[in-house]
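# Architecture at a glance
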Amino acid sequence: MAIGNPITLTNNVASKIISVTATADQTLFTVTGGYRINQLAVFRNGVRLADGADFTARDGSSVTLLSPANLSDTLEFQIFDDFRVADAIVSAEASQTSNGDLTVTGTLNGVGGVNIGIQSAGQNVTTGVITALNFIGAGNTFVYDTVAKTVDISIAGGGGGGLGTAIKYSDGASDTPFSYVDAYAQVNENLLLDTTNAGVNTSIIVSVTPNIEINSGVAVTVGAGKTMVIDVLQIGDL
């Protein structure tokens, strides 16, 4: 236990202790994170030192011993600072506001959703708390721009001529008025088309691809109440 007159803390004052091991004849010590001037207690091998008589601490970052330390002496710096409940994040509060940047080391989990800004054609389309962003269908992609801090979402078939996959201009981002449909597509694994993945009750399952090839050993089963139409637009007849 440290020897010397302890400092009594109020509810608005907190402290932390930084401990270092001295080298032979060391007098200058850097206090990690700094300190508030006149808000620092220094201990040498458990004995509290007197400011001005045993050490000086005047720049907020370093401490100078007036008598050199011995090899392996333990120096402890007890740093005091204001702590106000109004400035803290209180877990029991229903709603709180933090002004400025917030840095989180680790994973940030939003229980109940997170409010984020979502725009379409430059217009804010956020209507409330967003719990998930789902990308449905093959070819749908998103790209994060590390400079602009934005996410660009590309939806296959959503541009070009409005059918198939959009053809881009040379910039690789802008859609031309054209799109393409592959002449052939393959089914590589067993597929059951029923109310679990192809609509409820009766529905028509379609493909704009003219030729669907089912690989050997693979089964495609059309469930009850379902009708399948291949090359629904008769593109293969063109």
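Residues numbered from 1 in each chain as written. Predicted model: local features only at pLDDT ≥ 70, side-chain atom pairs only at ≥ 80, totals over all residues. Heavy atoms only, no water.

### Structural notes on the overall build of the protein chain
- Each helix and strand counted, the protein chain has 0 helices and 19 strands in total.
- Taking all 238 residues of the protein chain together, the buried fraction comes to 18%.
- At a minimum sequence separation of 6, the contacts of the protein chain that also span at least 24 residues come to 56%.
- Here the protein chain displays about 17200 Å² of accessible surface, and carbon together with sulfur accounts for 52% of that area. (Helix = DSSP H or I, 4+ residues; strand = E, 2+ residues; numbered from the N terminus. Buried < 20%, exposed > 50% of the residue type's maximum accessible area, 1.4 Å probe, protein only. Contact = heavy atoms within 4.5 Å. Areas by Shrake-Rupley, 256 points an atom, 1.4 Å probe, with all protein chains shown as cover.)

### Concerning the pattern of salt bridges
- Scanning all chains against the criterion turns up 2 salt bridges.
- Taking the shortest distance from any N to any O, the salt bridge between Asp51 and Arg58 comes out at 3.2 Å.
- Look at Asp51 and you get partly exposed, because its relative accessible area is 41%.
- A residue is classified by how much of its surface remains accessible, and Arg58, at 49% relative accessible area, is partly exposed. (Salt bridge = Lys/Arg side-chain N within 4 Å of Asp/Glu carboxyl O.)

### Description of the packing of aromatic side chains
- Summed over all chains, the structure comprises 1 aromatic pair.
- With a centroid separation of 6.2 Å and an interplanar angle of 55 degrees, the aromatic rings of Phe29 and Phe77 are classed as tilted. Note that Phe29 is positioned in strand β2 (residues 28-30) and Phe77 in strand β7 (residues 74-82), a separation of 48 residues in sequence. As far as burial versus exposure is concerned, Phe29 and Phe77 are alike and both buried. (Phe/Tyr/Trp six-rings, centres within 6.5 Å; stacked < 30°, edge-to-face > 60°.)

### A closer look at a nonpolar patch on the surface
- Taken together, Leu163, Ile204, Val206, Val229, Val232 and Leu233 make up a surface patch of nonpolar side chains, about 470 Å² in accessible area.
- Structurally, Ile204 can be placed in strand β16 (residues 203-207). (Patch = residues over 30% accessible without salt bridge, like charges linked within 9 Å, V, L, I, M, F, W, Y side chains within 5 Å.)

### Topic: the side chain of Ser62
- Summarising the element assignment, Ser62 is placed in strand β6 (residues 62-65).
- A distance of 2.6 Å separates the side chain of Ser62 from the side chain of Asp59, its partner in a polar contact. (Polar contact = N/O pair within 3.5 Å; in protein donor to acceptor, adjacent residues only side chain to side chain.)

### What about the pairing of strand β3 (residues 40-44)?
- Among the 5 residues of β3, 5 are classified as buried, and the element is accordingly described as predominantly covered.
- Judged from the 2 bridges that link them, β3 and strand β4 (residues 47-48) form a sheet pairing that is antiparallel. Bridging from a neighbouring strand, Arg44 pairs with Val47 of β4.
- Between β3 and β4, which pair antiparallel and follow one another directly, the connecting turn spans 2 residues, one of which, Asn45, has a positive phi of 55 degrees. (Pairing = 2+ DSSP bridges.)

### A short note on the sheet that holds strand β5 (residues 55-56)
- Pairing is antiparallel in the open sheet, where 3 strands are placed in the order β2-β6-β5. Strand pairing shows two members of the sheet lacking a second neighbour, β2 and β5, which therefore form its edges.
- Across 3 bridges, β2 lies against β6 in antiparallel orientation. Its bridge partner being in β6, Thr30 is matched across the sheet by Ser62.

### Description of unusual backbone geometry
- Within the chain, Asp231 stands out as a residue other than glycine whose phi angle is a positive 55 degrees.
- With respect to the secondary-structure elements, Asp231 resides in the segment after β19 (226-230).
- In this structure Asp231 comes out as buried when scored by relative accessible area, which is 12%.

### Concerning the nonpolar core
- Core analysis: the biggest nonpolar cluster contains 16 residues, and Leu40, Val42, Val63 and Phe77 have the highest contact counts within it.
- Secondary structure elements with two or more residues in this core: β3, β6 and β7.
- Residue contacts for Leu40: discarding those within four places in its chain leaves Tyr35, Ala57, Val63, Phe77, Gln78, Ile79 and Phe80. (Core = buried A, V, L, I, M, F, W, Y, C linked by side-chain atoms within 4.5 Å.)

### Re the side chain of Arg44
- Looking at where Arg44 falls in the secondary structure, it is placed in strand β3.
- Polar contacts involving the side chain of Arg44 include one to the main-chain carbonyl oxygen of Pro68, which spans 3.2 Å.
- Residues in contact with Arg44, not counting those within four places in the same chain, are Leu49, Ser67, Pro68, Ala69, Asn70, Asp73, Thr74 and Leu75.

### A word on the environment of Val187
- Relative to the helices and strands, Val187 is located in strand β14 (residues 184-187).
- Take Val187: its relative accessible area is 17%, and that puts it in the buried class.
- With 31 residues separating them along the chain, Val187 and Val218 place their C-alpha atoms 7.6 Å apart.
- Non-local contacts of Val187, meaning those with residues more than four positions away in its chain, are made with Ile212, Glu213, Ile214, Asn215, Val218 and Val220.

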